[in-house]
Amino acid sequence: MATSASTLRWLAACGSVVLAAAVRAEPLQSVLAPAGPQAAHLKDLWDVMLLVCTGVFVAVLVAVGIALWRAPRADSSQRASLPQELGPQRGARRSVLSAVVASTLLLLFLIVASVFTDRALARLSLHDALHIEVTANQWWWEARYDDAQASRMFNTANELHIPTGRPVVLTLRSNDVIHSFWVPALHGKKDLIPGRTSTLRLQADQAGTYRGQCAEFCGYQHTTMALLVMAEPPAQYEAWADHQRATAALSQEPQAARGRHIFMTTTCVMCHSIQGTDASARRGPDLTHVAQRQTLAAGALPNTPENLERWIRNPQHIKPGANMPPSDLPTDDLKALVAYLGSLQ
Amino acid sequence: MSSRCLRLWPAFAAAALLCLPACEREKRQFDSPSPPPTPASAPMMRATPLQPGNAQLGASSVPTAHMPSTDYRYENNAFAVSQGKRLYRWYNCSSCHAPGGGGDWGPALSDDQWVYGSSPANIFASIAEGRPAGMPSFAAHISEDQTWQLVAYVRSLSGQLPKDVAPGRSDTMSGREPEAGRDRERPKPMEKSDGNKR
Amino acid sequence: MAADADDGEWPMAPKNHASTRFSALTQIDRSNVANLRLAFTFDTGLRRGQEAAPIVAEGTMFIASPFPNTLFALDLTRPGAPLKWKFEPNPKLAAQGVACCDVVTRGAAYSQGRVFINTLGGQTVAVDAKTGTELWRQQLGDSSKGETITMAPLVVKDKVLVGNAGSELGVRGWLTALDTASGRVIWRAHSTGPDAEVLIGPNFKPFYQQDVGKDLGVTTWPPEAWKIGGGTAWGWISYDPALDLIYYGTANPAPWNAEQRQGDNKWTAGIFARNPDSGEARWFYQYAPNDRHDYNGTNENVLLDLQIEGRQRSVIVHPDRNGYVYVLDRATGEVVSADPFVKVTTTLGIDRLTGRPRMNPQVDPRNGEVVREVCPASPGGKDWQPSAWSPRTQLLYMPHQNLCQDMTAYTASYISGTPFLGSEVRMYAGPGGHRGVFGAWDPVKRRMAWAIPERFPVWSGALATAGDVVFYGTMEGWFKAVDARSGQLLWQFKTSSGIVGQPISYRGPDGKQYVAVLSGVGGWAGAVVSKDLDVRDRTAAKGFASAMADLPQYTGKGGSLYVFALP
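This text gives an overview of the structure that appears in the document. (Residues numbered from 1 in each chain as written. Chains lettered and ligands numbered in written order. Predicted model: local features only at pLDDT ≥ 70, side-chain atom pairs only at ≥ 80, totals over all residues.)

**Regarding the overall build of chain C**
Reasoning step 1: For chain C, the count of helices and strands is five helices and 38 strands.
Reasoning step 2: Projected onto the principal axes, the alpha-carbon positions of chain C cover approximately 60 × 55 × 50 Å.
Reasoning step 3: In chain C, which comprises 567 residues, the share counted as buried stands at 67%. (Helix = DSSP H or I, 4+ residues; strand = E, 2+ residues; numbered from the N terminus. Buried ≥ 20, exposed ≤ 12 C-beta atoms within 10 Å, placed from the backbone.)

Right under this line is the structure:
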């Protein structure tokens, strides 16, 4: 039947996406490939809704088809006239009634499924949860990893690492306009509203790199506000976190040292922070370990020295409207600055 | 029917003509027009040893600042003024001069007293070169374009800008009516305000 | 503690090491103070806030003035007290830009023929008292990162103690001891950071458990935040020679926005007891852990022996910014009592077991939100303006304010040399509508005996005398004498400008008792006048413009000394 063929094709397409994503090493950004329990619950709900809606859709098509096929046809010689019987047909009344009952029952079923999904989402155990405060800015993500002991907290930007198998509680805030946090492989969307705090609880069960992006129009560069979530085995995560707590590397190499001097005496120090130096401004991403990140400018560019130089020279060519101004440093100074930032592992 | 249309023709034409000004849209200049300084650019003399952000490095390592190579053109650009408002807070200007320009560490920017002059060039020099009595020198720390944006915003604090250009609201707790609602101050001539040394 | 024998001099701003600001002279008393009249005046020529206490020693009066910190010496032995000499330390011009609360200084200090002053540019200078020649000069603060020195130095034994200012710019606080003879730095105790730099060693025995631990000056901060953490020591220092301990408070942590500095933020907003010879800490108590409202701990610590609950106790009486009068045990740092003297909404009380304040989360500022009815406002129930104690009435005379505020927070960037705040404020009068109070507090009965409401914050110091007359000044310019027992107004004199200085009393070379005060409005509360701020912006002067918008109608700038005596 046409219905089962289309469904099968649909399911096959889903499967191929999952398969392809599992095989490729690139970040996964798909609601159809859940990597944690929250996204899995949402995917289950999505599957149920898809099946029900597909079924209803097919049934409606079939009914329309039958109605067209069985409709009485008049000769072209006959004049158009109202049918003799003006009252409702008994057969029609039964069909309509049963369709209404069926629709209601199916909708109720979907509501119940949704409620069950909400319950399942809320049942994520928060034992030993990792707390991260995510603050959205135009157009980048700021993250502060919280700890019971204040001196073990650290800041990073645009790339989150989380341990697998451990719940993560994200506290979501915004510094300017409404943004929305969406990492489809891990959970649904949650708005970050200025002046309010919201919470998102998720967990990654499979290691991997998951891509997310801002899901609420937030200005000129809304489309270039991506983030990466790296889920790692707990031991690997702890090593990463310990490294993040360390102050910035102090390279003695002359070009990097000159780059550090340029950083501290020109525009960079007005907006960025590097732990362990005098730079502690909060308007741009924390750069203490920027060399370790995979992308620059919230996913706009892969993190390479060439791209970094292009970015610093004129961010407006890559992300027009971004709040970082072009630089008028002489080329030598710019190369030294890039060398310094490259040393910030 | 066609005669009725013909009679309304002038009205339609007038309405269309009135709509034409809407085609003019304010340009948002994201890209900075100022070219990198060439060796021929005149160096700028800082008027104070106070500079932001480099306390540990000492005056001997002060980067060279240059005179501006572009002119002030943001007096009527609302986007630039709103960027200036954002930078006013980001670079801690609002802490020294108060969020509404009323003054604190630094003098008031919202009144008619301008110790070093109210023209855009004066304000640019105050920001870039600094001033002896405590205004830090921000040249090389704030780009030329951003400095002009700040100049435009500072002028809006005392109502110098047209009402449709100055910001119409604040995103923070308000201290007084927004810049667009302020009456235009008439800047007094420059003079020493009190007996203390400057 | 036995009161110092009153030799008719005033060698240090608090009068004595116990900080009682009490003069034992009795010539002026309740019966004749109404006859007090102007003896002479002196114009400093400067028009910024005059917060200093005149110092009297060797028949000379020493006046420390606001920037440029000229030190004037008046010859009291000659009629009209003519100028004997003046010393100009020439502080850096740029230091004016990093002084949070007007370019003030709170006085000089005299000891053994030397006069010590601090400059806004971060120097301590020793000057010969007879000739005004410079003896030595020590650069202690770096104004390029926002550091200034505004406090009155204190001489303890052979050391002069100096604390820095600049918590509002992320300056890391310290207290330094210099050798009085050479100016050499003997020790420096920081207010944040590792134990070795805070001079916390094996003799450190805080009373409360939360102050015990290794390197708490680091672990109670986010990483590196203690380096820009504030806790400056710009306020008052007291000294107990019997216990051989100095007591001083540390200022608020930086930035004002507490959301950027999780943790208790030790050792800010508290009181240290230290050995004056080595600087090592003996105990510490924190008035405001993770302070959210700029409640500095720097107010005066009056050292008294009081009969409390049936036994004699050696205590510190300290009216704090957070609106409580604390009575602390001098030897251990235990909180004996803590009672509010103004309306308080920011805390719900002080826990007797842990000594910690119970915070009211409803008035904690949060990013992007405005919280209202924050009481007391950031200048506190009382700011730096020092109280005076009368052993005769057993009352503490407290000049203070009655202010509440609305406040909001935002993420602050630390850019060295610029303010590090993250907060916007609008202040207004507290309950009753009056913005100032001059009150007499009974620390044993733990309540106000009487209180005089004033239109503006009473930003001047207080002076208590053995004639049972208490003096203070208002920001409109009235210098007032009230009955120490009842608070009844006995005499007042309208000076040329608002009074924010500290009144003193001394015996002149002619044997008469004189009362002196500087008149010249300014300081944080008077900045709207002294700095010509625009009061239409309610957030100007860190929110004080909102509460002082009418001050320009009552006073202009000034800078004169007024000295009064009986005819």
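**Topic: the sheet that holds strand 31 (residues 447–454) of chain C**
Residue and element names in this part refer to chain C.
Reasoning step 1: Taking strand neighbours across the sheet as the criterion, the four strands line up as 26-27-30-31 in an open arrangement whose pairing is antiparallel. Each end of this open sheet is capped by a strand with a single partner; those strands are strand 26 (388–390) and strand 31. Taken over all neighbouring pairs, the strand axes of this sheet differ in orientation by 20° on average, direction set aside.
Reasoning step 2: Across three bridges, strand 26 lies against strand 27 (residues 395–401) in antiparallel orientation. (Pairing = 2+ DSSP bridges. Axes fitted to C-alpha atoms, helices over the stretch in contact; angles between N-to-C directions.)

**Some words on the sheet that holds strand 7 (residues 109–111) of chain C**
Residue and element names in this part refer to chain C.
Reasoning step 1: Overall, antiparallel pairing links the four strands, which are arranged 7-8-9-10 in an open sheet. Whereas interior strands pair on both sides, the edge strands pair on one side only; in this sheet they are strand 7 and strand 10 (134–139). Mean inter-strand twist for the sheet, computed between neighbouring axes without regard to direction, equals 20°.
Reasoning step 2: Relative to strand 9 (residues 123–128), strand 8 (residues 114–118) is paired through five bridges, and the arrangement is antiparallel. The residue bridging R114 from the neighbouring strand is D128, located in strand 9.

**Regarding unusual backbone geometry**
Leaving glycine out, the prevailing phi sign among residues is negative, and the prevailing peptide bond configuration is trans.
Reasoning step 1: With an omega of 10°, the peptide bond running from C:K266 to C:W267 counts as cis.
Reasoning step 2: Along the chain, C:W267 turns up in the loop between strand 16 (245–249) and strand 17 (270–274).
Reasoning step 3: Cis geometry is adopted by the peptide bond preceding C:P376, which originates at C:C375 and carries an omega value of -10°.
Reasoning step 4: Here C:P376 is to be found in the loop between strand 25 (370–374) and strand 26.
Reasoning step 5: Its identity is not glycine, yet A:A298 carries a phi of approximately 55°, on the positive side.
Reasoning step 6: Relative to the elements of secondary structure, A:A298 occurs in the loop between strand 11 (295–296) and strand 12 (301–302).

**Description of the interface of chain C and chain B**
Reasoning step 1: In this assembly, 43 residues from chain C lie in contact with 40 residues from chain B.
Reasoning step 2: Among the secondary structure elements, those contributing two or more residues to the side of chain C that touches chain B are strand 28 (403–409) and strand 29 (423–429) of chain C.
Reasoning step 3: Residue composition of the side of chain C that touches chain B, grouped by class: 18 nonpolar, 10 polar and 15 charged. (Contact = placed C-beta atoms within 7 Å. Nonpolar A, V, L, I, M, F, W, Y, C, P; charged D, E, K, R; others polar.)

**Focus on the interface of chain C and chain A**
Reasoning step 1: Each partner contributes residues to the interface: chain C has 18 residues there, and chain A has 20 residues.
Reasoning step 2: Residue composition of the side of chain C that touches chain A, grouped by class: seven nonpolar, nine polar and two charged.

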